Amino acid sequence: MKRRFNKLLAYCCFALLWVTSLFPMWVHYIFSDIIYLLLYRVAGYRKATVHRNISTAFPEKSLEEWRQTERQFYHWFCDYLVESIKLMTISEAEMRRRMVFKGTEQIERLWREGVSCGVMLGHYCNWEWISTLPLAMTKQGVCAELYHPIENPDFDRLFLYIRQRFGSVCIPMEETLRHIVKYQREGKPLVIGYIADQKPNWRNIHLWVPFLNHLTPVFTGSERIIKRTRQAFFYGDVRRVRRGYYECEFKLIEEHSEQIEDYQLTERYMQELEKTIRRDPALWLWSHDRWSRTKEEFDTRWYVKDGKVYEKMTEEEYAKMMGWRSYWKH
């Protein structure tokens, strides 16, 4: 019964989103302005997290500048929501006008040489629209992106439909290497998008880098895959030209990634991402609790041996210790 209910719910959501997506873009932006009022002014969705992230990332700015960036962030985030819905039915011609890719000739050159390419990006501008890259490429290679499958299989099919509508291939993150090797054996070079600015789990923290005024734990799995499969390393620099129009420039950072020392590619990626964010701060996903894991807590609770992370103090033990420390401070 529960399975049937979830299936019906998924179909109803799909139908509602499909009908909504048929409206012209200017109507979607009216919806976006209404959602902004509800999300920011009424519900205050994650306002404390957004304010804390922006104020600590840019301590040199004034309170009014922080508030302005917050308002701009919520406006953009609501645009991102409606633009992602529009992706269900938008035409190829309109998509080509609204999402422009630059630097694709470098990827095409590497494809002709049989070399696959890895592109690191952030949760910046409309990352869902990056899946339309096949519209700007030839058919000699495969455009792919990594994703986390949704637990509900019906909703998973819905999002796969949206993301693969223009020819992009979604690869489950746990099966990344298997799929890459399969395509390479078939003589099909790839370009794979890695959105690598999420917060890693404690056991996956192998690198801390300075990023937006914080010592930040970062994923290194994307770099390991890129180096292991000998992909050329690109950074995807995305910008918003105006409302509803974006550009993504592929910047070749290192053609022979396997020759670079460990973590240097990830460090370079984080440096490039910070430049992008500082250029227009409002367009990054500030609602994500990015800096809840600190180096101090990591050093207290965890240790690294032979490249693996092990727990030496549980979260409960750490909380108890911190409670005692707070007590003695008083």
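A brief report on the enclosed structure follows. (Residues numbered from 1 in each chain as written. Predicted model: local features only at pLDDT ≥ 70, side-chain atom pairs only at ≥ 80, totals over all residues. Heavy atoms only, no water.)

## A closer look at the overall build of the chain
Argument step 1. Across its full length, the chain carries 12 helices and 11 strands.
Argument step 2. For 330 residues, the compact-globule formula gives about 20 Å, and the C-alpha radius of gyration of the chain, at 21 Å, lands near that figure.
Argument step 3. Seen through its C-alpha atoms, the chain measures out along the principal axes to roughly 65 × 50 × 50 Å.
Argument step 4. Going through the 330 residues of the chain one by one, you find that 48% of them count as buried.
Argument step 5. Here the contacts in the chain between residues at least 6 apart in sequence split such that 77% fall between residues at least 24 apart.
Argument step 6. One finds the centroid of the 51 positive side-chain charges in the chain at a distance of 4 Å from the centroid of its 43 negative side-chain charges. (Helix = DSSP H or I, 4+ residues; strand = E, 2+ residues; numbered from the N terminus. Rg over C-alpha atoms; globule rule 2.2 N^0.38 Å. Buried < 20%, exposed > 50% of the residue type's maximum accessible area, 1.4 Å probe, protein only. Contact = heavy atoms within 4.5 Å. Lys, Arg positive; Asp, Glu negative; His and termini not counted. Charge placed at Lys NZ, Arg CZ, Asp CG, Glu CD.)

## Points about the side chain of Ser 116
Argument step 1. Residue position: Ser 116 is located in the loop between helix H6 (104-112) and strand E2 (117-121).
Argument step 2. Looking at Ser 116, the relative accessible area reads 3%, which means it is buried.
Argument step 3. Here the side chain of Ser 116 touches Leu 190 through a polar contact of 2.9 Å, landing on its backbone nitrogen.
Argument step 4. Not counting the four nearest positions on each side in its chain, Ser 116 is found in contact with Gln 184, Pro 189, Leu 190, Arg 230, Gln 231 and Ala 232. (Polar contact = N/O pair within 3.5 Å; in protein donor to acceptor, adjacent residues only side chain to side chain.)

## Side note on the sheet that holds strand E1 (residues 99-102)
Argument step 1. A sheet is described by the order of its strands in space; here 7 strands give the open sequence E1-E9-E8-E2-E5-E3-E4, paired in mixed fashion. The outermost strands of the open sheet, each flanked by one partner alone, are E1 and strand E4 (169-172). The mean inter-strand angle of the sheet, taken between neighbouring strand axes irrespective of direction, is 30°.
Argument step 2. Taken together, the 5 bridges between E2 and strand E5 (residues 190-195) define a ladder with parallel strand orientation. From the neighbouring strand, Val 119 faces E5, where its bridge partner is Gly 193. (Pairing = 2+ DSSP bridges. Axes fitted to C-alpha atoms, helices over the stretch in contact; angles between N-to-C directions.)

## Describing the pattern of salt bridges
Argument step 1. Taken as a whole and assessed by the stated rule, the structure comprises 27 salt bridges.
Argument step 2. A salt bridge links Arg 52 to Asp 289, with the shortest nitrogen-to-oxygen separation between them at 3.4 Å. Here Arg 52 is found in helix H3 (residues 47-57), whereas its partner Asp 289 is found in the loop between helix H10 (264-279) and helix H11 (295-301), with 237 residues between them in sequence.
Argument step 3. The salt bridge involving Glu 186 is made with Lys 188; its shortest N-O contact spans 3.6 Å.
Argument step 4. Under the relative-accessibility criterion, Glu 186 is labelled partly exposed at 40%.
Argument step 5. Classification of Lys 188 by relative accessible area gives partly exposed; the value is 38%.
Argument step 6. A single network of salt bridges, built from pairs that share partners, joins Asp 33, Asp 79, Arg 240 and Arg 243. (Salt bridge = Lys/Arg side-chain N within 4 Å of Asp/Glu carboxyl O.)

## Describing the side chain of Ser 257
Argument step 1. By the element assignment, Ser 257 lies in the loop between strand E9 (245-254) and H10.
Argument step 2. Of the residues examined, Ser 257 reaches a relative accessible area of 0% and is grouped as buried.
Argument step 3. Within the structure, Ser 257 has its side chain in polar contact with the backbone oxygen of Gln 231 (distance 2.6 Å).
Argument step 4. Sequence-distant contacts of Ser 257, defined by excluding residues within four places in its chain, comprise Ile 226, Lys 227, Arg 230, Gln 231, Phe 233 and Leu 265.

## Observations regarding the pairing of E9
Argument step 1. Alignment of E1 against E9, held across 4 bridges, turns out to be parallel. Within the sheet, the bridge partner assigned to Phe 101 lies in E9 and is Cys 248.
Argument step 2. The pairing of strand E8 (residues 232-242) with E9 spans 9 bridges and is antiparallel. The residue of E9 that forms the bridge with Arg 242 is Tyr 245.

## Focus: the pairing of strand E10 (residues 302-305)
Argument step 1. As paired strands, E10 and strand E11 (residues 308-311) are joined by 4 bridges and run antiparallel to one another. Bridge assignment links Trp 302 to a residue of E11, and that residue is Glu 311.

## Looking at the packing of aromatic side chains
Here a ring pair, both rings aromatic, is described through the centre-centre distance and the interplanar angle of the planes.
Argument step 1. Applying the stated criterion to the full structure yields 27 aromatic pairs.
Argument step 2. Ring geometry for Trp 202 versus Phe 298: centroids 6.3 Å apart, planes at 20°, classification stacked. Highlighted residues: Trp 202 in the loop between E5 and strand E6 (208-211) and Phe 298 in helix H11, separated in sequence by 96 residues. Both residues of the pair, Trp 202 and Phe 298, count as buried.
Argument step 3. Each member of the aromatic cluster is reached from another via a ring pair, and the members are Tyr 36, Tyr 40, Tyr 45, Phe 73, Tyr 74, Trp 76, Phe 77, Tyr 80 and Trp 127. (Phe/Tyr/Trp six-rings, centres within 6.5 Å; stacked < 30°, edge-to-face > 60°.)

## Some remarks on unusual backbone geometry
Argument step 1. Although it is not a glycine, Arg 46 sits at a positive phi angle of roughly 55°.
Argument step 2. With respect to the helices and strands, the residue Arg 46 is situated in the loop between helix H2 (25-42) and H3.
Argument step 3. Residue class for Arg 46 comes out partly exposed when judged on its relative accessible area of 44%.
Argument step 4. The backbone of Arg 230 shows a phi angle near 60°, a positive value even though the residue is not glycine.
Argument step 5. Residue position: Arg 230 is located in the loop between helix H9 (221-228) and E8.

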